[in-house]
Structure formats: structure tokens, C-alpha cells
Amino acid sequence: MTMKKIVIGIVTLVTAFTLTACGSDEKETSTHENMEMDHSGMNHSSTGEVPEDLKVADNPTYKVGSQVILETDHMEGMKGAEATITGAYETTAYVISYMPTSGGERVENHKWVIQEEIKEAGDKSLEPGTKVTIEADHMPGMEGATAEIDSAEPTTVYMVDYTPTSGGEVVKNHKWVTESELSAK
């Protein structure tokens, strides 16, 4: 590869990251009022592993294997997508704000991190304003980050498989959506 191609490649990447950051800022600002944020950096698929102490829901509204419609837009192509429930768990779901360990701007109002993904959270719901350490890796720079609890919601959380409405591959074991973010198919 010639030096010219390397320089062009680097300039292209820097430009792409700059434009992405600008776009993310706009989305974050415009959706901040709705307590939502741009989750485009989320790990779309996961292994399906869940924390050992996460309790399987005894009688969830949507049973494992159920077909549902996603009513949330955590990521592009999510809202309106058909999904299959792959897990249902009883826990407390949190909206958090944190500084990524990888640098960059503060992430505001990230949905969702669960009780079992917070270091030394114990079994009691945490109050808004509580400072915590995150053990989840939903987004780059999340694991190990110090976060502030914005809100807490005792609920059933679901892990789902879905095909984005915007096209692309099936997303496997997406963590997490809450009952209020789903509707029956």
C-alpha cells in the first residue's frame, strides 16, 4: 500500500468518525427531552449469556418463543420490527448516564442496564442519583464506567431476536427491552 493510500484512508476514517459524532450529538440533544438516546453504538447481538443471579420470570406477559412487535427505537431498524422473545427475567431496569471508559462525550439516559449488571448492587433498587460501576458491555466504553442512576423501574426485561426494519442481519439476543416497549403480534 502506498503512503498516499494510507493517508487517504486515515482522512476518510477521521471524517467518518467526525460526521458520526456530529450526527450522534444532534440525535442525543433532540431525544434527550424524551429520555431516549442514540444507541447506534450498541452491541447488536450477544451470546445470550446473562448474569448468574438474574431471576427467570415466573409468569411473563410474553413467554420465551412468543412473537412480538418492538415499540422502541433503541437502535435504527428496531421500531416496528417483529421479534422473538429469547429470555424473560425479573429485575430492576435502570436508565443511566456515564462517561465512557474509552473516552468521548458523556452518554446520557442510556436504556437499559439491569440490577445484575451493576457492581455490588445487591438486591435492593438503587435510587436516582446513586453513583455505580457498570459491568455490562452493551456499548463501547460502558464496562467499568462510573455511572449515575437516572431512574429505576422494577419490571420484566426481555432478550429478543429480531430482523431490523432497515434491513441487515438478524440481531440475536438483544439486551434489554421492557414490557412497555413490546406489543403482541
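Rules used in this analysis
Residues numbered from 1 in each chain as written. Predicted model: local features only at pLDDT ≥ 70, side-chain atom pairs only at ≥ 80, totals over all residues. Heavy atoms only, no water. Phe/Tyr/Trp six-rings, centres within 6.5 Å; stacked < 30°, edge-to-face > 60°. Helix = DSSP H or I, 4+ residues; strand = E, 2+ residues; numbered from the N terminus. Buried < 20%, exposed > 50% of the residue type's maximum accessible area, 1.4 Å probe, protein only. Pairing = 2+ DSSP bridges. Patch = residues over 30% accessible without salt bridge, like charges linked within 9 Å, V, L, I, M, F, W, Y side chains within 5 Å. Areas by Shrake-Rupley, 256 points an atom, 1.4 Å probe, with all protein chains shown as cover. Salt bridge = Lys/Arg side-chain N within 4 Å of Asp/Glu carboxyl O. Lys, Arg positive; Asp, Glu negative; His and termini not counted. Charge placed at Lys NZ, Arg CZ, Asp CG, Glu CD. Contact = heavy atoms within 4.5 Å.

Some words on the packing of aromatic side chains
Here is step 1 of the chain: Considering all chains together, one arrives at two aromatic pairs under this definition.
Here is step 2 of the chain: Their ring planes at 70° and their centres at 5.8 Å tell us that Tyr62 and Tyr158 sit as a pair that is edge-to-face. In this pair, Tyr62 is assigned in the loop between strand S1 (55-56) and strand S2 (67-70) and Tyr158 in strand S6 (residues 146-162), connecting sequence segments 96 residues apart. Residue Tyr62 shares its accessibility class with Tyr158, and that shared class is buried.
Here is step 3 of the chain: Ring geometry for Tyr89 versus Trp176: centroids 5.9 Å apart, planes at 80°, classification edge-to-face. Here Tyr89, found in strand S3 (residues 82-98), pairs with Trp176, found in strand S7 (residues 171-178); they are 87 residues apart in sequence, far enough to count as distant.

A short note on the pairing of S2
Here is step 1 of the chain: Here S2 runs beside S3; their pairing, made up of three bridges, is antiparallel. The partner of Val68 across the bridge, within S3, is Ala83.
Here is step 2 of the chain: Where S2 lies against strand S8 (residues 182-184), three bridges are found, and the strand directions are antiparallel. Residue Val68 lies in a different strand from S8, and its bridge partner there is Ala184.

Brief notes about unusual backbone geometry
Here is step 1 of the chain: Following Lys111, the chain continues to Trp112 via a peptide bond in cis, the omega torsion being -5°.
Here is step 2 of the chain: The residue after Lys175, namely Trp176, is reached through a cis peptide bond having omega 0°.
Here is step 3 of the chain: In the Ramachandran plot, Asn109 falls in the positive-phi region, its phi being about 55° despite a non-glycine side chain.
Here is step 4 of the chain: Tracing the chain through its elements places Asn109 in strand S4 (residues 107-114).
Here is step 5 of the chain: For Asn109, a relative accessible area of 4% corresponds to the buried category.
Here is step 6 of the chain: Phi angles above zero are rare outside glycine, and Glu120 is one such case at about 55°.
Here is step 7 of the chain: Classification of Glu120 as exposed rests on a relative accessible area of 75%.

Re a negative patch on the surface
Here is step 1 of the chain: Judged by side-chain charge, Glu120, Glu135, Asp137 and Glu143 come together as a negatively charged surface patch.
Here is step 2 of the chain: With respect to the helices and strands, Glu120 occurs in the loop between S4 and strand S5 (131-133).

As for the pattern of salt bridges
Here is step 1 of the chain: All chains considered together, the criterion is met by six salt bridges.
Here is step 2 of the chain: Between Lys55 and Asp58 there is a salt bridge, with the nearest N and O atoms lying 3.1 Å from each other.
Here is step 3 of the chain: On the basis of relative accessibility, which here comes to 41%, the residue Lys55 falls in the partly exposed class.
Here is step 4 of the chain: Its relative accessible area of 69% is what places Asp58 among the exposed residues.
Here is step 5 of the chain: Residues Lys185 and Glu82 are paired through a salt bridge, measuring 3.1 Å at the closest nitrogen-oxygen approach. You can see Lys185 sitting in the segment after S8 and its partner Glu82 sitting in strand S3, a full 103 residues away along the chain.

Concerning the environment of Val113
Here is step 1 of the chain: Within the secondary structure, Val113 sits in strand S4.
Here is step 2 of the chain: A sequence separation of 23 residues divides Val113 from Ala136, and the C-alpha atoms of the two residues are 7.2 Å apart.
Here is step 3 of the chain: Residues contacting Val113, with those up to four places away along its chain left out, are Thr92, Ala93, Tyr94, Ile96, Ile118, Ile134, His138 and Met142.

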